[in-house]
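# Descriptive structure summary
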Amino acid sequence: MLFSNPELAAWMDANFECAWRSVGDVAVARIDFPDGSVMERTLGGNLITWVCQADGTILDVLPGVMDVRTYRHALQEALPPDAQEALPPDATEGWEGWDGWYCGTFPAPTLDFTFGWGEYLANEIEALRSSDPSLGSQADSKPIALDRLRPFPTRSVPLPIESFDVSVAKFEAIEDPIIRWVGVPKPETFEDPLAEDSWIADCLLHPQALALLALDPKISIEDLSPAIYRLVLHFDVRDPHLGLGRALLGRSDGFMQSEPSKP
Amino acid sequence: MKLFPLALMSSLTLLWGIAACQSDRIREEAAKASDFVQPGLVAWNAGGLEGAKQAASVSGRPVLLVEVFGQLDRVHC
């Protein structure tokens, strides 16, 4: 368990005021094997780590599961600059992130830290505005309700770039400036499943969450949290079956009916 | 007079049943209690997010809030 690591726990206590809360019940799967043994474990245990100021202003948001090293590094980068400078010189040794992909976000997240997901989101919103005139234009500065957005794709996606970006791309000698890929390349192999989860959380989910935060940096945790679960973690908190119904039972939806069907 | 041993047997059976139920209930409660675990080694603020915000306003440290499904302090969280 992440929070049972003594070094990490001590470091968290020294640098943060820590709290946790439950946002819903978790599903418990129980399998009775023919030999009498029983396996019981939880499913869908997603978590989000928020870093905020005393007034609730969000400084950073880390969705997903990370190993100790990645988590510690991400939290370190989320600290305000003066707190980072106050760390002992050896405090950062051994806690490097994923080859420097990670960027700090303080004081306010901008699209620069989203590895293209912010631009992807801007394109999505522009497409929404085009299809629904009631949403107004970008010039109206009318915010788009987060529940209108589609979940982020789970892989990097090609993103058409504007003429200005094309000229920049040409300047940087990119051969094909028509589209570019949003996100960062995923390594082909990982040491273990947790290492892969850590990479996904740090290099994919984190920039996506920052892209959402950048839409409204003053948004509260309560307002942003459901959107992070749905759009980034692909986990609808309103679904009583926690998104597991179809995954577990495929097309046999009849088994998931909460009330017996009438003859 | 023959009814006395029968009544005694019935009473004893009833008492045994109550005791068995009680011990089952105690076992269940003990099992539930054992489901609780220490939520890691972090000194979590007992007041939750609001408590952490208050502490942050005094200490100057930022707040770290972990949101989970289930409970951090349960075996099956």
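Conventions and cut-offs
Residues numbered from 1 in each chain as written. Chains lettered and ligands numbered in written order. Predicted model: local features only at pLDDT ≥ 70, side-chain atom pairs only at ≥ 80, totals over all residues. Helix = DSSP H or I, 4+ residues; strand = E, 2+ residues; numbered from the N terminus. Buried ≥ 20, exposed ≤ 12 C-beta atoms within 10 Å, placed from the backbone. Contact = placed C-beta atoms within 7 Å. Nonpolar A, V, L, I, M, F, W, Y, C, P; charged D, E, K, R; others polar. Pairing = 2+ DSSP bridges. Axes fitted to C-alpha atoms, helices over the stretch in contact; angles between N-to-C directions. Parallel < 35°, antiparallel > 145°, perpendicular 65-115°, else oblique. Left-handed = near helix turned anticlockwise from the far one by under 90°. Core = buried A, V, L, I, M, F, W, Y, C linked by C-beta atoms within 7 Å. pLDDT = per-residue confidence, 0-100. Expected span 1.5 Å × (residues − 1). Arc of directions from axis to C-beta.

In terms of helices and strands, chain B carries two helices and one strand. Each helix and strand of chain B, placed in order from N terminus to C terminus, yields the pattern α-α-β.

Of regular secondary structure, chain A possesses eight helices and seven strands. Buried residues in chain A amount to 26% of all 263 residues. In chain A, the proportion of contacts linking residues at least 24 apart, taken out of those at least 6 apart, comes to 58%.

Turning our attention to the interface of chain B and chain A. Size of an interface, as often reported, equals the accessible area lost when the parts are brought together. Between chain B and chain A, the contact holds 30 residues from the first and 39 residues from the second. Only α2 (48-59) and β1 (63-69) of chain B provide two or more residues apiece to the side of chain B that touches chain A. Considering every element that reaches the side of chain B that touches chain A, the biggest residue donor is α2(B), with nine residues. When its residues are assigned to classes, the side of chain B that touches chain A shows 18 nonpolar, nine polar and three charged. For strand β4 (residues 47-52) of chain A and β1(B), the ladder comprises six bridges, and the chain directions are antiparallel. Across the sheet, residue Leu47(A) finds its bridge partner in β1(B), namely Val68(B).

Next up on the list: the packing of helix α6 (residues 193-215) of chain A against helix α7 (residues 221-232) of chain A. All names here are of chain A. Contact pair α6 / α7: the axes reach a minimum separation of 10 Å and the direction vectors enclose 135°. The orientation of α6 relative to α7 falls into the category oblique. The crossing of α6 and α7 is right-handed. Listed contacts from α7 to Leu 205, Gln 208, Ala 209, Leu 212 and Leu 213 of α6 are Leu 224, Ala 227, Ile 228, Leu 231 and Val 232. By residue class, the composition of the contact of α6 with α7 is nine nonpolar, one polar and no charged.

With respect to the helices and strands, the residue Ala19(A) is situated in strand β1 (residues 17-24). When the 24 C-beta atoms within 10 Å are taken as the criterion, Ala19(A) is described as buried. When the C-alpha positions of Ala19(A) and Thr49(A) are compared, they lie 9.9 Å apart, and in sequence the two are 30 residues distant. If we ignore the near neighbours within four places in the chain, the residues touching Ala19(A) are Trp44(B), Asn45(B), Gly48(B), Leu49(B), Gly51(B), Ala52(B), Val63(B) and Leu65(B).

Okay, the nonpolar core next. Formed by 54 residues in total, the largest nonpolar core has its most connected members in Ile228(A), Val63(B) and Leu65(B). A per-element tally of this core places α6(A) first, with eleven residues. Apart from the residues within four sequence positions on either side, Ile228(A) is in contact with Ile48(A), Val61(A), Pro63(A), Ala209(A), Leu212(A) and Leu233(A).

Further remarks concern the sheet that holds strand β5 (residues 58-63) of chain A. Strands sit in the order β1(A)-β1(B)-β4(A)-β5(A) across an open sheet of four strands; the sheet is mixed. Taken across any chain shown, the strands that pair with only one partner, and hence form the sheet edges, are β1 and β5 of chain A. For this sheet, the mean inter-axis angle between neighbouring strands, taken without regard to orientation, is 20°. This element, α2(B), spans β1 of chain A together with β1 of chain B of the sheet and lies at about 160° to β1(A).

Any segment with low pLDDT has predicted coordinates that should not be analysed in fine detail. Residues and elements named next belong to chain A. For chain A, the mean per-residue pLDDT works out to 76, and 70% of the residues sit at or above 70. Considering each helix and strand of chain A separately, the mean pLDDT is smallest for helix α5 (residues 163-171), with a value of 53, and largest for β4, with 94. Per-residue pLDDT stays below 50 along residues 95-111; that stretch engages in 38 contacts with residues further than four places along the chain or on separate chains. Counted against residues more than four places away or in other chains, residues 251-263, with its pLDDT under 50, gives four contacts.

Residue and element names in this part refer to chain A. Within the secondary structure, Pro 153 is located in the loop between α4 (117-131) and β6 (157-160). Taking the C-beta count within 10 Å as the criterion, Pro 153 has 13 such neighbours and is therefore assigned partly exposed. Distance in space between the C-alpha atoms of Pro 153 and Cys 52 is 27 Å, their sequence separation being 101 residues.

Moving on: the pairing of β1(B). In terms of burial, β1(B) is a largely internal element, six of the seven residues being buried. Here β1(A) pairs with β1(B) via seven bridges, running parallel. Within β1(B), the position partnered with Ala19(A) by the bridge is Leu65(B).

Let's shift gears to α4(A). Residue and element names in this part refer to chain A. For α4, built from 15 residues, the straight-helix expectation of 21 Å at 1.5 Å per residue is met to within 8% by its first-to-last C-alpha distance of 21 Å. Within the sequence span of α4, burial applies to Trp 117, Gly 118, Tyr 120 and Leu 121. Buried residues of α4, viewed axially, fall in a sector of 160°; they line one side. Away from its buried face, by an angle of more than 90 degrees, α4 presents the exposed residues Ala 127 and Ser 130.

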